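Take a look at the letters that make up each chain.
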Amino acid sequence: MRKLVPLKSIYAFVAVAETGSMTDAAEVLSVSHSAVSQAIKALESQLDVSLFRRIGRRVELNSVGRKYYRKVAPALAQIVEASEAIARKKPSNRITLNMVNSLALHWWIPRVQDFNDYAPHIDIRISNIIHAFDLEREGVDAALLHGKTDEWQDYYCEKLGDDELIMVCSPHLLEGNQQATPQQLLAKYPAIFATNPRRQNDWQVWCEHHQLAVPSQQKNLTFTASVQAVQATIRRLGVLITHKQFVRDDIKHNMLVQVGEPVLNPHQAFYFVCLPDKLKEERILVLRNWLRGQFAATSE
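A quick note: this is a predicted structure, and the numbers were derived from the prediction, not measured.

### Some words on the side chain of Asn265
Logical step 1: By secondary structure assignment, the location of Asn265 is in strand β10 (residues 257–274).
Logical step 2: Non-local contacts of Asn265, meaning those with residues more than four positions away in its chain, are made with Asp163, Leu165, Arg199, Asp202 and Val205.

### What to know about the packing of aromatic side chains
Logical step 1: One pass over the full model with this rule turns up 14 aromatic pairs.
Logical step 2: Members of the aromatic cluster, connected to one another through ring pairs, are Trp107, Trp108, Phe115, Phe270, Trp290 and Phe295.

### A word on the domain arrangement of the protein
When the parts come together, some accessible area is lost, and that loss is often what is quoted as the size of the interface.
Logical step 1: Taken domain by domain, the protein consists of domain 1 (7–87) and domain 2 (93–299).
Logical step 2: For domain 1 and domain 2, the distance between their C-alpha centroids amounts to 63 Å.

### Concerning the pattern of salt bridges
Once their charged atoms are close, side chains differing in charge can pair, the charge on each being opposite to the other.
Logical step 1: Applying the stated rule across the entire model yields 16 salt bridges.
Logical step 2: Lys278 is paired through a salt bridge with Asp141; the nearest N and O atoms lie 3.0 Å apart. With Lys278 in the loop between β10 and α12 (282–299) and Asp141 in the loop between α7 (135–138) and β5 (142–147), this pair connects stretches of sequence that are 137 residues apart.
Logical step 3: Asp141 sits in the buried class, given a relative accessible area of 10%.

### Topic: unusual backbone geometry
Logical step 1: One non-glycine residue with positive phi stands out, namely Asp48, at about 60 degrees.
Logical step 2: Mapped onto the secondary structure, Asp48 falls in the loop between α3 (33–47) and β1 (52–55).
Logical step 3: Not every positive phi belongs to a glycine, and Arg236 is a case in point at roughly 70 degrees.
Logical step 4: Here Arg236 lies in the loop between α10 (226–234) and β9 (239–243).

### Things to note about the UniProt feature "domain: HTH lysR-type" (unreviewed entry) in the protein
Logical step 1: Per the UniProt record, the feature "domain: HTH lysR-type" (unreviewed entry) sits at residues 5–62.
Logical step 2: As a span, residues 5–62 carries 62% helix and 14% strand, and end to end its C-alpha atoms are 20 Å apart.

### Things to note about the nonpolar core
Logical step 1: Grouped together as the largest cluster of nonpolar side chains are 24 residues, with contacts concentrated most on Trp107, Phe115, Ile124, Phe272 and Leu287.
Logical step 2: Broken down by element, the residue count for this core peaks at six residues, all from α12.
Logical step 3: Setting aside chain neighbours within four positions, we find Ile124 in contact with Ile95, Leu97, Trp108, Phe115 and Leu287.
Logical step 4: Counting residues in hydrophobic clusters, the runner-up holds 20 residues, among them Met22, Ala26, Ala39 and Ile40.

### Quick word on the packing of α10 against helix α11 (residues 244–252)
Logical step 1: At a minimum axis distance of 12 Å, the contact between α10 and α11 shows a crossing angle of 35 degrees. α11 is crossed by α10, and the crossing has right-handed handedness. Side by side, α10 and α11 meet where Ser226, Val227, Val230 and Ile234 of the first sit next to Phe246, Val247 and Asp250 of the second.
Logical step 2: In terms of residue class, the contact of α10 with α11 is made up of five nonpolar, one polar and one charged.

### Let's talk about the sheet that holds strand β3 (residues 94–98)
Logical step 1: Spatial ordering of the open sheet is given by β4-β3-β5-β10-β6-β9-β7-β8, a layout of eight strands whose pairing is mixed. Edge strands, defined here as strands with exactly one partner in the open sheet, are β4 (123–127) and β8 (222–223).
Logical step 2: Contacts from helix α9 (residues 202–210) reach β6 (156–169), β7 (191–194), β9 and β10, with the element oriented near 130 degrees to β10.
Logical step 3: Packing of α11 onto the sheet brings it into contact with β6, β9 and β10, and relative to β9 it is tilted by some 120 degrees.

### With respect to the pairing of β3
Logical step 1: Taking burial as the measure, the five residues of β3 include four buried ones, the bulk of the element.
Logical step 2: Where β3 meets β4, five bridges bridge the pair, whose relative direction is parallel. Its bridge partner being in β4, Asn98 is matched across the sheet by Ser127.
Logical step 3: As paired strands, β3 and β5 are joined by two bridges and run parallel to one another. When the sheet's bridge partners are listed, Asn98 is paired in β5 with Ala143.

Cut-offs applied
- Residues numbered from 1 in each chain as written.
- Predicted model: local features only at pLDDT ≥ 70, side-chain atom pairs only at ≥ 80, totals over all residues.
- Heavy atoms only, no water.
- Helix = DSSP H or I, 4+ residues; strand = E, 2+ residues; numbered from the N terminus.
- Contact = heavy atoms within 4.5 Å.
- Phe/Tyr/Trp six-rings, centres within 6.5 Å; stacked < 30°, edge-to-face > 60°.
- Domains from an automatic or database assignment.
- Salt bridge = Lys/Arg side-chain N within 4 Å of Asp/Glu carboxyl O.
- Buried < 20%, exposed > 50% of the residue type's maximum accessible area, 1.4 Å probe, protein only.
- UniProt positions renumbered as here; feature names shortened; annotations may be inferred.
- Core = buried A, V, L, I, M, F, W, Y, C linked by side-chain atoms within 4.5 Å.
- Axes fitted to C-alpha atoms, helices over the stretch in contact; angles between N-to-C directions.
- Left-handed = near helix turned anticlockwise from the far one by under 90°.
- Nonpolar A, V, L, I, M, F, W, Y, C, P; charged D, E, K, R; others polar.
- Pairing = 2+ DSSP bridges.

Structure representation (structure tokens):
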């Protein structure tokens, strides 16, 4: 490995070249005259050349020194400029928040205005990476995790709320029978299934709680994406078991109606996830506190 010239020697060289004085250079650098003199001697010794001519108490660059100065001075200026730019850079108020697409569509978007009112100075950018990933490598500041924390052991994970399963259907299916039970609806309408990994056990968990047999999957009513299953339910094609957070706003706007009581899903929950160091940042704490409030409100 090549022996590198100490940066302090370069600082001293440029300062002396520009001031023409060891004493003035020392004042500029806020060090002693001796420190500047030693740095110059060390640099000339390492380069095995003389860089200055001494004229009384003044010094000036010789021909070799002038060539060297023309090379190193711009480079040093770039180092100083880059360092100062970072030092004076204000903390960003942008947050990249990851959540699965279904949550982004049915949970985050209906709450955007609420968050804007709560924290108007913060800009949230949503990403939709599904699998476990390295937050820092992907440029993600925090994640709203729907699942388990097994693959997130190196991160700060805070549980926000349980995953409550509910039966939903279009309000039109209850016309003339507003008090219909889940069993009555299943006897009359087909079951709609979402088969992605986070939703594939929903019907089984719900049916075991109610001591019912899991209904059979019917033609054209099984979907990979939860969003598709919800749309099929809104279109009156059948009844669906899904998590309460996912369809809370569809229920609020009377696009869906909840039938029966929620059932706790033991297979997953909702978590706030970030690198531990991120908790030192005000923007991340603001987001976490807002999320806490949102989930607390829906559990009351």
